[in-house]
Amino acid sequence: VRRSAPVALPFGPADRRARGHVLDEELREALDALRDALVAPALDVPTPTRAADRDLRDRLVAEVDAHRARVRDLDAPLLAVFGGGTGAGKSTVANSLVGQSVAATGVIRPTTSSPTLLLAPSDAGWFTGAADADGRERVLAGYARSFPGDGVAGRQTGRVVHVVDSHAIPPGLAILDAPDVDSVRAENRALADELLDAADVWVWFVTARTYADEEGMRYLRRAARRRTALAVVLNQVHERDADEIVADLRDKLAAEGLPDVAVHVVPHTATQAGRLPDRAITELRRWLRGLAEPDARLRWRRQTLDGALDDLERGAAPLLDALREEERVVADLRAAAAAAWDAVPVRFDTALEEGPPLRQEIVARWTDFVGTNRFTDLVESATASVRGWLRDAMATRTSAEQERIRRQVEAEVADTIADLAVRVADLAAADVAAAWSGDPAGAVLVDADPGLRRARPDLGERAEAEVLAWQQGISELIATKGESRKLTARWASTAINAAATAAILAAFASTGGLTGIEAGIAAGAAGANQALLVKLLGEQQVAWILRRAREDLLARITRLSTEEHARHRAAVDAVAPEPGAGDAIRDALAAVTRARR
Amino acid sequence: VSRRPAPLPDRLADLDRVLALGQDRIAADRLAAARAVREKADARLSRGDALVVAALVGGTGSGKSSLFNALADGDLAPVGVRRPTTETARAAAADGDGPEVGALLDWLEVPQRHAGVRALPESLVLLDVPDHDSVATAHHAVVDRLVERVDVLVWVVDPIKYAMRALHEGYLARLAAHAEVVVVVLNRVDELSAEDARACAADLRGLLDGEGLTAARLLPTSVRTGHGVPALRDLLREEAAARSAAARRLVGDVRSVAAELAPDVGDAEAGPLVVDDVVAALAGAAGVGGVAATAQDESRAAALEGMRPLLSRGGLAVARGGPELLRQVRDLLPLRSPGRPRAAAHADPVGVRHALAEAVDRCAAPLPPRWRSRLDEVAGSDAAGLARAVAGAVDRVPLRAPARWWWPAVAALLSAVELAAAVGAVWLLVLAVLGWLQLPAQEPPAAVGAVPLPTALLLGGLAVRVLGGALRRRLAAATAARHRRRVAADLLAAVREVAEARVLAPIRAELGARDELRALLVALRR
């Protein structure tokens, strides 16, 4: 066997083109585009079917690869795959064809776990080496190769093709002994499926005992649907039962839409060294030889290719469904997250209206302070002209105390609002987690990052910073608005600070919250605060400032909520499919259909 | 210590309990499967539980019917080369005319029955079943029904088809819990050399062990040579004599369905339910700290009032009844006057919901996801209602400090001191007026040491009054602080009561139900 040594190809590329065997350039490009479109989606959404969907996609890609190779080299040797259930005698017949034990046989099921490729020595160049002289990939490009000379190390299992050349195989035909399709070994089934997809002709093996098995018949049904070139080998039949069984088998094949399939009977005979006597396979050998004729070869290949291409859309439909499902799941997860986070500002606002649990003694102290005539006097002194040293002295003392209480109140408000923001965000995150847990893919995402069940740990700090900035903003706003009130320089800052604190407290209960709270501390606070503000700034200004304060606070909370939402968005985005992946596949399929017209 | 598996009746009773507890706690489809097992057990046990039904099941062409005929020692079932051969299930029994056998076969829906098959042991009913793997898919339903219902499963395989996926993934892999009543027969060993037959049997044994069927018996047989058929007959005779196959099969059903239910219940301990955290969070949402602080303020004011001496009281009375200006001043201090109306308590619903979410989260973290929503449901479906209940409980806690017996005593003492000082002052005033009028003093007033008595009364009284005033404030503050602690404790107790009734008890009940389910399922799987 030559490895990647140059070989004499039956026809050079120029000859092939001259003979008109090169299919339309357009179809080739369409298949290339289809492959790219199939490879593109990552299928990362952890749906329960993700593994199956990825397998399906890989299989479609392998199938399209096989079609590409076929379209490119219509003259390549015909690939006949021996398929069927475990114990059907595929490897025994393969060994018998070449007259030597090249494929494993035995009583342990399943026997064959990696395929053996039988070919004429002159055809070796089509199948060995990474690429041919023109740099094109070989048939069965996804498989490693091993050769009889490799010894034990070369006899790997799995995605390795054992390549055996023999003069018993006619040039123009390659026979692939595939693993079984029905044993407990899932990897065998996957391998067999892929090889059958790549085949030009199926040689399907059944035995007298297994010909009615549903598992095998499913494959024959598929072959019927795809018009795959097919022959059935009925193996291990005792001469006396042959007629009855063949008739029954033909009935069953006809029932599955395969009325004209060639059935080759290989009689039950004792094997010698794992091989059948030559007379048992004479007829089969003659039929296989017929396949290798150039005209027959082209006919069989075109039949299988046409059928397979006709069936592509049907084969890709589950993948398109899976992509649609991915998009649906992702849209649902996004919608659930958006619903929870969009509700945060509203919830926060409602909680403010209902009155957050401010530590009332601090507010009460402030209210006492604002409510006393001492403070009113102070304000008077700030708004009127100087009133003499006595009042000044009193005001100085008052102002120090006011400053202390004011700081307490602002710290308390900052704490409370930040706490409230964290709680509302925590609950929103919990809502998202609950909604996501209802979906299998969402549950995987939540389990992968349990932190998604709660707001980010640093939200408290960020919320507090936002609230402090908000308070700062109110002070500045009031300073700007207060300027026009001609406050005397000496008391301006005191009065403005006091007004700011009053506005901060008023933001809790000024927009209707009063109705929900009965007469008492809060109402007193609101009343006193309002009175103070009105005295300082005038009624219109106060209403405007309070509205602004409230809006600013909500805007900040909305921003925090958006930042938190981003985490859930990122979790979905990390797995979300590229938009339009399904459309790209649909377009590529349509292009393939157009190219074949 | 070898723990004997519980007998069937105990297991069925446990399963009943699981079915009752599992309602809404275990996925409905899995619970339905468990209920089906329970119903099947009743159905089977009511139809001759001393009878043993053994079925020959397997793929087409493995030789079930030939084996059936060999065991029954007669050509009861047709055999042939056309696949599939057997169309309907067929029964044979040594007696079999009895109503028990009839009822049993009716339940099994076996149409073809052969009575008086002497070759079979007493109380055995042998079934020949259609294949499970041919293109005749109608047969598969028959197989599935019988595999569910018979007592002993004799899987008949042959050297070609023993590793078929349809057999292993479709049936054997799901029968691990039933290994005791599973017999696998490797038929047609005559087609292999002795050595190959051994290799083949060893490979099959390996497959079975890998599927958890270590306890399943494996017999090589050949109907053509008769190899292994007597051994199979002996095995069936033993099963028939033991008469326990029906119960053992049902035990297997219960174990396997318990294993299916187990993931819904989970193995892990639930997370801790920290009562103090829940109560503290709810109390925080209701602003209990502020309420207690208010109570402290009011208590302090009440104590000061209660200990106010006579003269100060008079002064206040004057102020109260005094001029308009003073009334206005008083009006500016509305919030601190004792006895001002108490604001209705209010619990923040967001805080309440958050408290519940935290509690549920900690409990449910190690549990399967279903339990999180379940606990959410029992604990927190009505956060607004809980918030109202917490606020109501806070409202019912009395905040007013009771008057202390010693307040009047202190007030009286201070009044006496004030009085003494006043007497001293008046006395001195009288002396001064007498002196100014140059009237002769009657006699010098009595003296306390070197200080004359009126002076001592005035100065001493004033000094004691100042000290007493400080003491009065100190006492009032201490009383108020103690009152605050008591009120805070009362408030927490009130919140705890609500939390206990509306949150903690339901969560505990739910976790208790889960613990019971978990223990039951562990016992049932054993």
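S.K.: Now, about empty space enclosed by the protein: what can you tell me, with residues and values included?
M.R.: All names here are of chain A. As enumerated under the stated definition, the model contains nine cavities of 30 Å³ or more in all. A volume near 110 Å³ is recorded for the largest cavity. As for the largest cavity, its lining consists of 14 residues, and the residues nearest its centre are Gly85, Trp204, Val206, Thr210 and Gly216. Contributions of two or more residues to the lining of the largest cavity are made by strand E6 (201-207) and helix H8 (214-226). Split into classes, the residues belonging to the lining of the largest cavity amount to seven nonpolar, five polar and two charged.

S.K.: Give a detailed account of the pattern of salt bridges, specifying residues and quantitative values.
M.R.: Applying the stated rule across the entire model yields 84 salt bridges over all chains. Here Arg508 of chain B ties to Glu500 of chain B by a salt bridge, and the two come within 2.5 Å at their closest N and O atoms. Overall, Arg508 of chain B belongs to the partly exposed group, its relative accessible area being 38%. Each of Arg456, Asp458, Arg462, Glu563, Glu564 and Arg567 of chain A takes part in a single network of salt bridges with overlapping partners.

S.K.: Go over the interface of chain A and chain B with me, naming the residues and quoting the values.
M.R.: Residue-level contacts link 51 residues of chain A with 56 residues of chain B. Carbon and sulfur atoms make up 56% of the area that chain A and chain B hide from each other, which totals about 4600 Å². Measuring nitrogen to oxygen at the nearest pair gives 3.5 Å for the salt bridge that ties Arg82 of chain B to Glu244 of chain A. The leading source of residues in the side of chain A that touches chain B is helix H14 (residues 389-437) of chain A, at six residues. The residue makeup of the side of chain A that touches chain B, split by class, is 16 nonpolar, 12 polar and 23 charged.

S.K.: Any details on unusual backbone geometry? Residues and values, ideally.
M.R.: Residue Pro110 of chain A is bonded to the preceding Arg109 of chain A through a cis peptide linkage, with omega at -10°. Along the chain, Pro110 of chain A turns up in the loop between helix H4 (90-98) and strand E2 (116-119). The omega torsion of the bond from Arg83 of chain B to Pro84 of chain B falls at -15°, within 30 degrees of zero and hence cis. Tracing the backbone through its elements, the reader meets Pro84 of chain B in the loop between helix H3 (64-72) and strand E2 (90-93). A positive phi angle, near 70°, is found at Asp24 of chain B, a position not held by glycine. Among the structural elements, Asp24 of chain B can be located in the loop between helix H1 (8-22) and helix H2 (28-45). On the basis of relative accessibility, which here comes to 55%, the residue Asp24 of chain B falls in the exposed class. You will see that Arg188 of chain B, though not glycine, has its phi angle at about 65°, which is positive. With respect to the element layout, Arg188 of chain B can be found in the loop between strand E6 (182-186) and helix H7 (194-210).

S.K.: How would you explain the side chain of Lys252 of chain A if you had to name every residue and give the values?
M.R.: On the secondary structure map, Lys252 of chain A appears in helix H9 (residues 239-255). Given a relative accessible area of 15%, Lys252 of chain A falls into the buried group. Once residues lying within four places of it in the same chain are set aside, the contact partners of Lys252 of chain A are Tyr211, Ala212 and Met217 of chain A together with Arg83, Pro84 and Val135 of chain B.

S.K.: Residues and numbers for the nonpolar core, please.
M.R.: Ranked by size, the top nonpolar core spans 67 residues in total, and within it Val352 and Ile507 of chain B carry the most contacts. The element that contributes the greatest number of residues to this core is helix H18 (residues 453-525) of chain B, accounting for 15 residues. Apart from residues lying up to four places away in sequence, Ile507 of chain B is in contact with Leu273, Val360, Cys363, Leu375, Val378 and Ala379 of chain B. Within the second largest apolar cluster, 64 residues are counted, among which are Val409, Leu427, Ala428 and Leu537 of chain A.

S.K.: Break down the confidence of the model for chain B for me, with residues and values.
M.R.: A low pLDDT score tells you not to read the predicted coordinates there in detail. All names here are of chain B. The share of residues in chain B with pLDDT of 70 or more is 92%, and the mean pLDDT across the chain is 88. Across residues 322-341, where pLDDT falls below 50, the model places 18 contacts with residues more than four positions away in sequence or in other chains. For this predicted complex, the interface score ipTM comes out at 0.76, while the overall pTM is 0.80.

The rules we used
Residues numbered from 1 in each chain as written. Chains lettered and ligands numbered in written order. Predicted model: local features only at pLDDT ≥ 70, side-chain atom pairs only at ≥ 80, totals over all residues. Heavy atoms only, no water. 1 Å grid on protein atoms, 1.4 Å probe; cavity = no way out; pocket = protein on both sides within 12 Å on 5 of 7 lines; lining within 4 Å. Points joined across faces, edges and corners; volume = space filled by probe spheres on them. Helix = DSSP H or I, 4+ residues; strand = E, 2+ residues; numbered from the N terminus. Nonpolar A, V, L, I, M, F, W, Y, C, P; charged D, E, K, R; others polar. Salt bridge = Lys/Arg side-chain N within 4 Å of Asp/Glu carboxyl O. Buried < 20%, exposed > 50% of the residue type's maximum accessible area, 1.4 Å probe, protein only. Contact = heavy atoms within 4.5 Å. Buried area = accessible area lost by both parts, 1.4 Å probe. Core = buried A, V, L, I, M, F, W, Y, C linked by side-chain atoms within 4.5 Å. pLDDT = per-residue confidence, 0-100.

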